[in-house]
Amino acid sequence: LYPGLRFSLHVRLDKYRRPDGGGWRDRKYMAHLGLWFVFNSEKAWILRIALQSGARCAWYVDTDVVLVTPLPEVEPKVKVGLARHHIFPKREGQVGKWNSGLVYFADNQKIDTWLASHQPNKPDIAQIALTHYNKDPDMYELPVGENVGWYQMQTGNVPNNQRGHNMTCAGP
């Protein structure tokens, strides 16, 4: 399905484990320690590693994102691919228009811009910082089926006519 796909292992997240060895620190605790900003910046570094390794482009996908269609072929002229949250405007104002849990980058300078837009100690700044790309001519908005998240299934985040029970999967 993806000819030429390569994987490489880079251990970067172990520093976010709890000191007692009991697992990962949760978001609230990391924010309290001032680590949430640094943790979110790891997404950009993962993308950078892929591009510096010679990849033409790179995807970052959070573990809680559900892909109900194959990732799209993105035209080479596109340097940034973003997926909307598809949530109520009020909630979008709190967490950002774009989901940093599913992003596509094909340019290290665009990643630098994203990192420079981060502000420490703001909980959802990784996502809010992506609004910098709203009017970027190199940005591509990913189709709805590329970004199905748990938050879209919760009453209060998404209008009822847009919730998960109305989503369909389409094959190629």
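Let us look at the structure shown here. Note that the structure is predicted; figures quoted are calculated from it, not measured. (Residues numbered from 1 in each chain as written. Predicted model: local features only at pLDDT ≥ 70, side-chain atom pairs only at ≥ 80, totals over all residues. Heavy atoms only, no water.)

1. Some details on the overall build of the chain
Counted only if it meets this: Put simply, DSSP marks the helices as runs of H or I at least four residues long and the strands as runs of E at least two long, and each gets a number from the N terminus on. We call a residue buried when its accessible area falls under 20% of the maximum for its residue type, exposed when it is over 50%, and partly exposed in between, using a 1.4 Å probe and counting protein chains only. We call two residues in contact when some of their heavy atoms are within 4.5 Å. Each accessible area is a Shrake-Rupley result for a 1.4 Å probe, and residues are judged covered by the shown protein chains and nothing else.
If you tally the helices and strands in the chain, you get five helices and four strands. Along the chain, helices and strands appear, N-terminal first, in the series α-α-β-β-α-β-α-α-β. Within the chain, the fraction of its 172 residues that count as buried is 38%. Sequence separation of at least 24 residues holds for 67% of the intrachain contacts in the chain that already meet a minimum separation of 6. As displayed, the chain offers around 10400 Å² of accessible surface, 55% of which is attributable to carbon and sulfur atoms.

2. Some points on the sheet that holds strand β3 (residues 98-105)
As a reminder of what qualifies: The rule for pairing is simple: two strands pair if DSSP sees at least two bridges between them. Between the N-to-C directions of two axes lies an angle of 0 to 180 degrees, each axis being a line fitted to C-alpha atoms and, for a helix, fitted only over the stretch in contact.
One open sheet holds the four strands; their spatial order is β1-β3-β2-β4, and the pairing between them is mixed. The two strands at the open ends of the sheet, each matched to only one other strand, are β1 (58-61) and β4 (139-141). Here the strands of the sheet are splayed against their neighbours by 25 degrees on average, with no regard to which way each runs. With four bridges connecting them, strand β2 (residues 80-84) and β3 associate as antiparallel partners. Each bridged residue has a counterpart across the sheet, and for Gly 81 the counterpart in β3 is Tyr 104. With respect to the sheet, helix α2 (residues 36-52) is in contact with β1 and β3, its orientation differing from that of β1 by roughly 150 degrees.

3. Section: the side chain of His 85
Where we set the bar: Whenever two N or O atoms come within 3.5 Å, that pair is a polar contact, provided that in protein one can donate a hydrogen and the other can accept it, and provided that, for residues adjacent in sequence, both atoms are side-chain atoms.
Checked against the element boundaries, His 85 lands in the loop between β2 and α3 (89-95). Residue classification places His 85 among the buried positions, given a relative accessible area of 4%. Of note is the side chain of His 85, whose polar atom sits 2.8 Å from the backbone oxygen of Gly 96.

4. Here we look at the packing of aromatic side chains
Applicable threshold: Only Phe, Tyr and Trp rings are paired, with Trp represented by its six-membered ring, and only when their centres lie within 6.5 Å; those with planes under 30 degrees apart are stacked, over 60 edge-to-face, the remainder tilted. In this scheme, Lys NZ or Arg CZ marks a charge over a ring once it lies within 6 Å of the ring centre and within 35 degrees of the ring normal.
This model, assessed by the stated rule, comprises four aromatic pairs. With 6.0 Å between their ring centres and 75 degrees between their planes, Phe 105 and Tyr 133 make a pair best called edge-to-face. Here Phe 105 is found in strand β3, whereas its partner Tyr 133 is found in the loop between α5 (125-128) and β4, with 28 residues between them in sequence. The pair Phe 105 / Tyr 133 is uniform in exposure class, with both members buried. Put simply, the rings of Phe 105, Trp 114 and Tyr 133 touch in pairs and so form one group of aromatic residues. Above the face of the Trp 45 ring, Arg 48 is positioned so that its terminal group lies 4.6 Å from the ring centre.

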